[in-house]
Amino acid sequence: MSGEEVEGVQVLAQSLVQQGIRYMFGIVGVPVVEVAVAAQQAGIKYIGMRNEQAACYAAQAVGYLTGVPGVCLVVSGPGLLHTIGGLANAQSNCWPLLVIGGSSDTDQEGLGAFQECPQVESCRLFCKYSARPPRIDTIPYHVAKAVKCVTYGRPGAAYLDFPGNLLRGSVDESTVIQFPRCGPIPASLACPQAVSEAASLLVTAQRPLVIVGKGAAYARAEKEVQMLIEKTGLPYLPTPMGKGVLPDDHAQCVAPARSKVLLEADVILLLGARLNWMLHFGRPPRFSPDAKFIQVDICAEEFDNSVKGSVNLLGDLKAVCGQLCEMLPAIQHTGSSWWQRIKDKIQANALVTKKLSEDTSEPLNYYTVFHHLQQLLPPDCIVVSEGANTMDIGRTILLNRQARHRLDAGTFGTMGVGLGYAIAAALWVQDNAPGKRVVCVEGDSAFGFSGMELETIYRYNLPIIIIIVNNNGIFSGMSEELFKDIREGGDKTLATPPNSLLPSAHYERMASIFNDTGHFCTSIPHIQEAVTKALKDDGKPTLINIMINPMAQRKAQDFDWLTRSKL
């Protein structure tokens, strides 16, 4: 029985809606312009970006915040290849992402077609699923399979390739069968015997520690984790994006004594955290050689990846936390010598940080800037941060009290994610928590990766406060005088240090391009005035450029854990 003709772009848009897709980020051109239009007509929010990488970062951040993959829409050839960094970042971070790329017409393959490129093969290394639907009527199947792959098990990325002639083509509507929306992610319990073994290890531990990872945040397990932590009285340490699963100012949070608790803990429970470089692979000298690990993960391949685990708990993190909570008594180490040593270290570190934070001499240091930002910013704001010292120091002072309220360079250590992440967070806020603020704290180098996304932010009038902590360089910069002296009379390409950026750049003036006024800050009163005004300008972007001492550094570290990893 024949019916009306339906085009490939319409089938694709309908398939995305069928699978619950709500957001699409991208840059249009041949052959995907009509895809964006069809998506909007189908009710999918389309956000036009200025760079494919930034679009890819935004799409995956939406996936992390909502649990439903965002779509990154790009053109063929270079457009698709620009997303590879984003695909790798999503795969490493375990965030759900679907990239849709246009490609050259199939009847021109091998002839040197416009932007011809082996796109499916190029993406396969960085995806859980990479495919090209062979016919229009198979589009719903491939969209459903891609969404299932990126959300079930360990989340990740997928790529679907659409030749121009497939998108422009049409078929009888009756031949297109939409696949049902992917159901809830199946949840599984850990082996009861293994849970019992884990509970025994924790009860008999002298120096127990819980590490709460980004996986706990993605699993929406904050209630279950809080119940487990508070019932047992165990100390916990959040990973950078595990911050907020429990509040950073919780009495059992031992983040200010991070190096000490990692080094001395004898039994460590990993909740959605991996023993990769961010946790020093679980090996000495960062950890005790006798430390025992209990790992909770949705992916069995992650177990025993660096060191042999004592107990491996395979299952849904919410469910496994419930199992542990039922089996564990109130251990209550709060009066133990272990807790006392932790508290002593926290107090000692706090004194060092306090001294740095109270130094308001100009040019400012990182700690003073972040200390005053913490006093000014709303306690429930979403903090997006990237940069070297900007991100590392900022995470220790800017507190998070809610899950999924910190987005940073993540597992892949990717710079350039900030503005894309902030755009995604602002869209989530507009649709789910009106009035909540998004604060994007960038190093000046990190800002440069995607600075033109500022136009995207102003075009959609997104309520983002962008704060650039400007030290004139990468890791460290130099003063205007020194910069001028070392380059005087010489070849600039030989004399300019590789880590140096142009001193005292007035990035805030970029706001004037969009008929706005940015803020240039060199003192604490400047910062207070700028942030206070930004918070009053509810619902609009703000750009703040804070100059700091080019030689400002972190306080002395026991281990340079974020800048170098050693086996």
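Residues numbered from 1 in each chain as written. Predicted model: local features only at pLDDT ≥ 70, side-chain atom pairs only at ≥ 80, totals over all residues. Heavy atoms only, no water.

1. Describing the nonpolar core
If you look at soluble globular proteins, the nonpolar side chains tend to sit buried side by side.
Reasoning step 1: In this structure, Phe-25, Val-225, Leu-313, Ile-464 and Ile-466 are the most contacted members of the largest nonpolar core, which totals 97 residues.
Reasoning step 2: Core analysis: the next-biggest nonpolar cluster, separate from the first, contains 36 residues, Val-11, Val-71, Ile-100 and Leu-166 among them. (Core = buried A, V, L, I, M, F, W, Y, C linked by side-chain atoms within 4.5 Å. Buried < 20%, exposed > 50% of the residue type's maximum accessible area, 1.4 Å probe, protein only.)

2. Quick notes on the pattern of salt bridges
Side chains that differ in sign of charge can pair as their charged atoms come close.
Reasoning step 1: Per the counting criterion, the structure on display carries 24 salt bridges.
Reasoning step 2: Notably, a salt bridge pairs Asp-297 with Arg-154, separated by 2.6 Å at the nearest N-O pair. Of the two residues, Asp-297 sits in strand E12 (residues 292-297) while Arg-154 sits in the loop between helix H7 (139-151) and strand E7 (157-163), which places them 143 residues apart along the sequence.
Reasoning step 3: In this structure, Asp-380 engages Lys-436 in a salt bridge whose closest nitrogen and oxygen atoms are separated by 3.5 Å. Taken together, the residues span a long stretch of sequence, with Asp-380 in the loop between helix H15 (366-376) and strand E14 (382-386) and Lys-436 in the loop between helix H17 (418-432) and strand E16 (438-443) at a distance of 56 residues.
Reasoning step 4: The network of salt bridges with shared partners includes Asp-392, Arg-395, Arg-406 and Asp-408. (Salt bridge = Lys/Arg side-chain N within 4 Å of Asp/Glu carboxyl O. Helix = DSSP H or I, 4+ residues; strand = E, 2+ residues; numbered from the N terminus.)

3. Let's talk about the sheet that holds strand E18 (residues 519-521)
Reasoning step 1: What the six strands build is an open sheet, ordered E15-E14-E16-E17-E19-E18; its pairing is parallel. A single partner strand is all that each edge strand has here, and the edge strands are strand E15 (406-407) and E18.
Reasoning step 2: Where helix H16 (residues 389-397) meets the sheet, it contacts E14, E15, E16 and strand E17 (464-470), and its direction lies at approximately 145° from that of E14.
Reasoning step 3: Packed on one face of the sheet, H17 meets E14, E15, E16 and E17 and runs near 175° to E16. (Pairing = 2+ DSSP bridges. Contact = heavy atoms within 4.5 Å. Axes fitted to C-alpha atoms, helices over the stretch in contact; angles between N-to-C directions.)

4. Here we look at empty space enclosed by the protein
Reasoning step 1: Under the criterion given, the structure shown has three cavities of 30 Å³ or more.
Reasoning step 2: The space that makes up the largest cavity amounts to roughly 60 Å³.
Reasoning step 3: Along its surface, the largest cavity is lined by Gln-374, Leu-377, Pro-378, Pro-379, Cys-381, Val-383, Leu-398, Leu-399 and Arg-401.
Reasoning step 4: Here the lining of the largest cavity is composed, by residue class, of seven nonpolar, one polar and one charged. (1 Å grid on protein atoms, 1.4 Å probe; cavity = no way out; pocket = protein on both sides within 12 Å on 5 of 7 lines; lining within 4 Å. Points joined across faces, edges and corners; volume = space filled by probe spheres on them. Nonpolar A, V, L, I, M, F, W, Y, C, P; charged D, E, K, R; others polar.)

5. So, the layout of surface pockets
Reasoning step 1: The computed volume of the second largest pocket comes to approximately 660 Å³.
Reasoning step 2: Contributing to the lining of the second largest pocket are 36 residues, with Pro-155, Lys-214, Gly-215, Tyr-218 and Ala-219 lying nearest its centre.
Reasoning step 3: Contributing elements (two or more residues each) for the lining of the second largest pocket: helix H10 (214-218), E12 and helix H13 (317-327).
Reasoning step 4: Counting residues per element, the lining of the second largest pocket draws most heavily on H10, at three residues.
Reasoning step 5: Split into classes, the residues belonging to the lining of the second largest pocket amount to 15 nonpolar, 13 polar and eight charged.

6. So, the packing of helix H9 (residues 192-204) against H13
Reasoning step 1: Across the interface, H9 lies against H13 with an axial gap of 10 Å and an inter-helix angle of 55°. For the element pair H9 / H13, the angle class is oblique. Relative to H13, H9 is oriented so that their crossing is right-handed. Where H9 approaches H13, its residues Val-195, Ser-196, Ala-198 and Ala-199 are matched on the opposing element by Gln-323, Leu-324 and Met-327. (Parallel < 35°, antiparallel > 145°, perpendicular 65-115°, else oblique. Left-handed = near helix turned anticlockwise from the far one by under 90°.)

7. What about the sheet that holds strand E13 (residues 311-314)?
Reasoning step 1: Strand order in the open sheet formed by five strands is E10-E9-E11-E12-E13, and the pairing between neighbours is parallel. Lying at the two open borders of the sheet, with one neighbouring strand each, are strand E10 (236-238) and E13. In this sheet, neighbouring strand axes are inclined to one another by 15° on average, regardless of whether the strands run parallel or antiparallel.
Reasoning step 2: In this sheet, E13 lies alongside E12 in parallel orientation, the contact comprising four bridges. Residue pairing for E13: Val-296 is matched across the bridge by Leu-313.
Reasoning step 3: Packing against the sheet, H9 makes contact with strand E11 (267-271), E12 and E13, and its axis sits at approximately 130° to E13.

8. Quick notes on the environment of Leu-12
Reasoning step 1: In this structure, Leu-12 sits in helix H1 (residues 8-18).
Reasoning step 2: The exposure class assigned to Leu-12 is buried, which follows from its relative accessible area of 0%.
Reasoning step 3: Put simply, Leu-12 and Val-75 are 63 residues apart on the chain and 15 Å apart in space, counted from C-alpha to C-alpha.
Reasoning step 4: Leave out the neighbours within four places in its chain, and Leu-12 touches Val-35, Ile-100, Ile-139, Val-143, Phe-162 and Leu-167.

9. Structural notes on the packing of aromatic side chains
A ring pair, where both rings are aromatic, is described by two values, the distance of the centres and the angle of the planes.
Reasoning step 1: This model, assessed by the stated rule, comprises eight aromatic pairs.
Reasoning step 2: By way of ring pairs, the aromatic residues Tyr-57, Tyr-64, Trp-95, Tyr-218 and Tyr-421 are connected into one cluster.
Reasoning step 3: Just above the ring of Tyr-218 sits the side chain of Arg-220; from NZ or CZ to the centre is 5.5 Å. (Phe/Tyr/Trp six-rings, centres within 6.5 Å; stacked < 30°, edge-to-face > 60°. Lys NZ or Arg CZ within 6 Å of the ring centre and 35° of its normal.)

10. So, the pairing of E16
Reasoning step 1: Here E16 lies mainly inside the structure; six of its six residues are buried.
Reasoning step 2: Residue alternation in E16 divides its side chains into two sets, Val-438, Cys-440 and Glu-442 and Val-439, Val-441 and Gly-443, and both sets are buried.

11. Regarding the pairing of E7
Reasoning step 1: Counting buried residues in E7 gives seven out of seven residues, a clear majority hidden from the surface.
Reasoning step 2: Here E7 shows a buried face lined by Ala-157, Tyr-159, Asp-161 and Pro-163 and a second buried face lined by Ala-158, Leu-160 and Phe-162.
Reasoning step 3: Across three bridges, the pairing between strand E6 (residues 129-131) and E7 is parallel. Following the sheet pairing, Ser-130 is matched in E7 by Tyr-159.
Reasoning step 4: Taken together, E6, H7 and E7 form a β-α-β motif whose crossover is right-handed. (Right-handed = clockwise from strand over helix to strand, strands pointing away.)

12. Concerning a nonpolar patch on the surface
Reasoning step 1: Where nonpolar side chains cluster on the molecular surface, the patch consists of Val-28, Val-33 and Val-37 and spans about 190 Å² of accessible area.
Reasoning step 2: Examined against the element boundaries, Val-28 turns out to sit in the loop between strand E2 (23-26) and helix H2 (33-41). (Patch = residues over 30% accessible without salt bridge, like charges linked within 9 Å, V, L, I, M, F, W, Y side chains within 5 Å. Areas by Shrake-Rupley, 256 points an atom, 1.4 Å probe, with all protein chains shown as cover.)

13. Looking at the packing of helix H3 (residues 52-66) against H17
Reasoning step 1: The contact between H3 and H17 brings their axes to 7 Å, and the two run at 45°. When the axes of H3 and H17 are compared, the pair comes out oblique. As H3 packs across H17, the resulting crossing turns out to be right-handed. When H3 is examined against H17, the residues Ala-54, Tyr-57, Ala-58, Gln-60, Ala-61, Val-62, Leu-65 and Thr-66 are found in contact with a partner set consisting of Gly-420, Tyr-421, Ala-424, Ala-425 and Trp-428.

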